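These are the residues of each chain, in order.
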Amino acid sequence: MTVSADAPAPTAPVADHPVVPVHEAGKPAVVHTPAGAGLAEAVSWLTAHRQEIQAELHRSGAVLLRGLPVTDAASFAAARDALVSRRAGYKEKATPRTDFGEGVFSSTDLPAVQPIRLHNENSYTLDFPGVLLFGCVTAPEEGGATTVGDMREALRLLPPELVARFEEAGWLLVRNYSELAGLPWYKTFATEDKAVAEAYCAENTVGFEWLDDDSMVTRQRRSAIITHPVTGERSWFNHFAFWNSRTLDPDIREVLVETYGEDGLPFNTYLGDGSRLTDEEVDAINAVYDRVTVRETWQVGDLMLVDNLLCAHGRESYKGDRKILVAMGEPVALADCSPASQPSTTVYTGK
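Residues numbered from 1 in each chain as written. Predicted model: local features only at pLDDT ≥ 70, side-chain atom pairs only at ≥ 80, totals over all residues. Heavy atoms only, no water.

Q: I would appreciate a short explanation of the confidence of the model for the protein in the present structure.
A: If pLDDT is low for a region, its predicted coordinates should not be looked at in detail. Overall, the prediction assigns the protein a mean pLDDT of 92, with 96% of residues at 70 or greater. Throughout residues 1-11 the model reports pLDDT below 50, and contacts reaching past four residues in sequence, or to other chains, amount to 0 contacts. (pLDDT = per-residue confidence, 0-100. Contact = heavy atoms within 4.5 Å.)

Q: What is the right way to look at the nonpolar core in this model?
A: In summary, soluble globular proteins display a tendency toward joint burial of nonpolar side chains. Counting residues in each nonpolar core, the largest one holds 29 residues, and the members touching the most others are M151, F166, W236, F240, L277 and I285. The set of elements that each furnish at least two residues to this core consists of α4 (151-157), α5 (160-169), β9 (171-177), β14 (267-271) and α9 (279-292). The element best represented in this core is α9, accounting for 5 residues. Once residues lying within four places of it in the same chain are set aside, the contact partners of W236 are N120, M151, L155, L158, F166, A224, I225, I285 and Y289. One finds A37, W45, L68 and A327 within the second-largest nonpolar core, a separate group that totals 26 residues. (Core = buried A, V, L, I, M, F, W, Y, C linked by side-chain atoms within 4.5 Å. Buried < 20%, exposed > 50% of the residue type's maximum accessible area, 1.4 Å probe, protein only. Helix = DSSP H or I, 4+ residues; strand = E, 2+ residues; numbered from the N terminus.)

Q: What is the right way to read the pattern of salt bridges from this model?
A: Any two side chains of opposite charge can pair, given that their charged atoms come close. This structure, assessed with the given rule, holds 25 salt bridges. The shortest N-O distance in the salt bridge between E296 and K27 comes to 3.6 Å. With E296 in the loop between β15 (293-294) and β16 (303-307) and K27 in the segment before β1 (29-32), this residue pair connects regions lying 269 residues apart in the sequence. Given a relative accessible area of 32%, K27 falls into the partly exposed group. Between E330 and R50 there is a salt bridge, with the nearest N and O atoms lying 3.7 Å from each other. Pair noted here: E330 is in strand β19 (residues 323-333) and R50 is in helix α2 (residues 50-60), with a separation of 280 residues, a long-range link. Residue class for E330 comes out buried when judged on its relative accessible area of 16%. (Salt bridge = Lys/Arg side-chain N within 4 Å of Asp/Glu carboxyl O.)

Q: Whenever I open this one, the packing of aromatic side chains confuses me. Can you help?
A: Describing an aromatic ring pair means giving the distance of the ring centres and the angle of the ring planes. Taken as a whole and assessed by the stated rule, the structure comprises 10 aromatic pairs. Ring pairing ties together the aromatic residues Y124, F242, W243 and F267, which thus form one cluster. Positioned over the ring face of Y90 is R97, at 4.4 Å from the centre of the ring. K194 extends its terminal NZ or CZ atom over the ring of W210, reaching a point 4.6 Å from the ring centre. (Phe/Tyr/Trp six-rings, centres within 6.5 Å; stacked < 30°, edge-to-face > 60°. Lys NZ or Arg CZ within 6 Å of the ring centre and 35° of its normal.)

Q: What exactly am I supposed to notice about the sheet that holds β15 here?
A: Strand order in the open sheet made by the 4 strands is β5-β17-β8-β15, with antiparallel pairing throughout. If you trace the sheet from one side to the other, it starts and ends with β5 (116-119) and β15, each paired once. Bridge count for β5 against strand β17 (residues 311-315) is 2 bridges, and the pairing is antiparallel. From the neighbouring strand, H119 faces β17, where its bridge partner is H313. (Pairing = 2+ DSSP bridges.)

Q: Could you clarify how one ought to interpret the environment of A62 in this entry?
A: Within the fold, A62 resides in strand β2 (residues 62-66). Judged by relative accessible area, A62 falls into the buried class, the value being 2%. Spatially, the C-alpha atom of A62 lies 9.8 Å from that of K27, the residues being 35 residues apart in sequence. Sequence-distant contacts of A62, that is, excluding residues within four places in its chain, are made with P28, A29, L57, V148, L305, V306 and C311.

Q: Explanation requested: a negative patch on the surface in the structure shown.
A: A surface patch of negative charge is lined by D249, D251, E254 and E258. The residue D251 is located in helix α8 (residues 250-260) in this model. In this structure D251 comes out as exposed when scored by relative accessible area, which is 55%. (Patch = residues over 30% accessible without salt bridge, like charges linked within 9 Å, V, L, I, M, F, W, Y side chains within 5 Å. Areas by Shrake-Rupley, 256 points an atom, 1.4 Å probe, with all protein chains shown as cover. Lys, Arg positive; Asp, Glu negative; His and termini not counted. Charge placed at Lys NZ, Arg CZ, Asp CG, Glu CD.)

In structure tokens, the structure reads:
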């Protein structure tokens, strides 16, 4: 057969398209998927190369897959099923999300102007998603990247004395549930039956107290450091800085403290012994998060896998329409992660 010099070169079959991660400073690992593939071909390619993608995920903590025909919740779910073997639930809800069905949600419904700091999904529960999958259906005009940060590196960068204190005592989360700030208890626990909420707390090592106005306060102490059950690497894994009152915007913090008092904030965190860190110590943790943060601008069809134990995620503020979907999978039990301290409903009082 004679091929014209002007004819396009034959393209390799979709199945033969290799997984070649591209590493650039300041960005997550990016893998370009087969160009022009339809959804069925793309899903077949993801299925065939799942082990290679997972290996890169364990190396890098996050992998962005670019060039997929993901345009809605249904195509996103099809790609999810090729990459994730078990779905994970969303427990002890803390932020509003839209549920699109089949385990697909909006990444968050918080206002566009509000940036979201790095955090590990459900770090305060006794089991949590091992993997998160984000997908871009509508890319924002400006900003709006889903930021990620390697928590293995964060642990290495944190002041050793601070790490030692967290390793021994863990961290303490205190939540006040309200209709006016944060979420009410019945949305967090997905029930309007107090007995059901109480049973969940008892089974999941969450201390609780009902207040006079039918609101609720919970306390739970968790490990700040875990070990990945597959890679064997230690990782900084918590919401301590994310929900610490010091991290709030100063104007918002002032209004909330004036309204609810320091002990009545929707969320606040402490060292596991109940003590507060200094402003400088909280700032040091947030500075490490800033150092490890990487980002890539969303394009329609992008998927990003995040190993929730190795890598934290967040969101930039943005302008314009933005629709990022999320699914959670590969649930992991805290007990399988060699937690540095054991879960409890009370503060740490020493060994």
